[in-house]
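A look at the structure
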Amino acid sequence: MTAAVLQMPAQSPEERVRALSKEFFGASAEDILERAIAHEFAGEIALVSSFGAESGVLLHLVSRVAPDTPVIFLDTQKHFAQTLTHRRKLAASLGLTDVRDITPNEEEQQAEDRTGDLWRRDPDACCDLRKVRPLKGALDGFDAWVTGRKAFHGGGRAHLPAFEWNGTHFKVNPLVSWAQSDVKAYTEKHDIPAHPLVAQGYPSIGCWPCTMPVEEGEDVRAGRWSGSGKVECGIHTR
Ligand code: SF4
């Protein structure tokens, strides 16, 4: 007589991220990335990077696990020239072989922001046009993405788990428990090139119309959409 084969019920995405976050609670960023990139979501995961002030750390970590990991850079066409130069130099120096520059849809730009100053009138709509929709397209075909969010940035980032499910994709947050001092120490230890604007008082860097330098002691993200009440571009909230 043939023994019956027991079928385990499939895990839901929510159960899967709960189990992973529990297993990797307190784990190092390297261990989280190794599991996510080489095993859990192998071939189905991308890193989304702004090539901003702290991005070098995660790009460096990913380059050590798998330098051919797809890296999505949202080229909003509103970046500082220094960011575009930094993106080219950093990707080359880390040996990243699959950095993808994702630009907004040309027809949508013509229809919604022909004069290029939508950021002034409706920053949420501008972020939707230049970041949220392009990222949605770029992530088609991927199951998961890696983010550089850290709890010390505060707001909705203060209590993130290492693994999340947003309804369409898994998100992996390997640096969530890092302090600002950890970022600094890792950057110095590995001699990672700094974004040129950091030395000019920009601890968080996005598009030029929506990024200001901050004073000593201010929150890291205080210069983003300063004075407008807006705190996120929407790629993590929509
Ligand atoms: S950060 Fe500013 S310029 Fe960049 S997409 Fe958002 S609103 Fe537009």
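Residues numbered from 1 in each chain as written. Predicted model: local features only at pLDDT ≥ 70, side-chain atom pairs only at ≥ 80, totals over all residues. Heavy atoms only, no water.

Bringing the UniProt feature "active site" (unreviewed entry) in the protein chain into the picture now. In the numbering used here, UniProt assigns the feature "active site" (unreviewed entry) to Cys-233. With respect to the helices and strands, the residue Cys-233 is situated in the segment after helix 8 (180-189). (UniProt positions renumbered as here; feature names shortened; annotations may be inferred. Helix = DSSP H or I, 4+ residues; strand = E, 2+ residues; numbered from the N terminus.)

What follows covers empty space enclosed by the protein. If a probe the size of a water molecule is rolled over the atoms, the empty space left behind becomes visible. Using the criterion set out here, one finds 2 cavities of 30 Å³ or more in the structure. Each pocket or cavity is described by its volume, and for the largest cavity that value is around 600 Å³. Along the wall of the largest cavity there are 34 residues; nearest its centre are Ser-50, Ser-55, Arg-157, Arg-221 and Arg-224. When contributions to the lining of the largest cavity are tallied by element, the ones reaching two or more residues are strand 1 (45-48), helix 3 (55-65) and strand 2 (71-74). Taken together, the residues of the lining of the largest cavity break down into 15 nonpolar, 11 polar and 8 charged. Volume-wise, the second largest cavity comes out at about 110 Å³. Taken together, 15 residues line the second largest cavity, and the ones lying closest to its centre are Cys-126, Cys-127, Lys-131, Cys-207 and Cys-210. The dominant element in the lining of the second largest cavity, judged by the number of residues it contributes, is helix 7 (residues 123-138), at 5 residues. The residue inventory of the lining of the second largest cavity, partitioned by class, reads 8 nonpolar, 3 polar and 4 charged. (1 Å grid on protein atoms, 1.4 Å probe; cavity = no way out; pocket = protein on both sides within 12 Å on 5 of 7 lines; lining within 4 Å. Points joined across faces, edges and corners; volume = space filled by probe spheres on them. Nonpolar A, V, L, I, M, F, W, Y, C, P; charged D, E, K, R; others polar.)

A few words now on the pattern of salt bridges. When charged atoms on two side chains of opposite charge get close, those side chains can pair. As enumerated under the stated definition, the model contains 16 salt bridges in all. Where Glu-54 meets Lys-150, a salt bridge forms, and the shortest distance between an N and an O atom there is 3.0 Å. Placement of Glu-54 in the loop between strand 1 and helix 3 and of Lys-150 in the loop between strand 4 (144-146) and strand 5 (163-165) is noted, with a sequence separation of 96 residues between them. A single burial state applies to Glu-54 and to Lys-150, both of which are buried. The shortest N-O distance in the salt bridge between Glu-108 and Arg-133 comes to 3.0 Å. Of this pair, Glu-108 sits in helix 5 (residues 106-112) while Arg-133 sits in helix 7, and the two are 25 residues apart along the sequence. (Salt bridge = Lys/Arg side-chain N within 4 Å of Asp/Glu carboxyl O. Buried < 20%, exposed > 50% of the residue type's maximum accessible area, 1.4 Å probe, protein only.)

Let us now look at the packing of aromatic side chains. Taken as a whole and judged by the stated rule, the model has 7 aromatic pairs. Here Phe-80 and Tyr-202 contribute two aromatic rings whose centre-to-centre distance is 5.7 Å and whose plane-to-plane angle is 70 degrees, an arrangement assigned as edge-to-face. With Phe-80 in the loop between strand 2 and helix 4 (81-94) and Tyr-202 in the segment after helix 8, this pair connects stretches of sequence that are 122 residues apart. Given a relative accessible area of 13%, Phe-80 falls into the buried group. Counting every residue linked through ring pairs, the aromatic cluster contains Phe-41, Trp-165 and Phe-170. Positioned over the ring face of Trp-225 is Arg-224, at 5.1 Å from the centre of the ring. (Phe/Tyr/Trp six-rings, centres within 6.5 Å; stacked < 30°, edge-to-face > 60°. Lys NZ or Arg CZ within 6 Å of the ring centre and 35° of its normal.)

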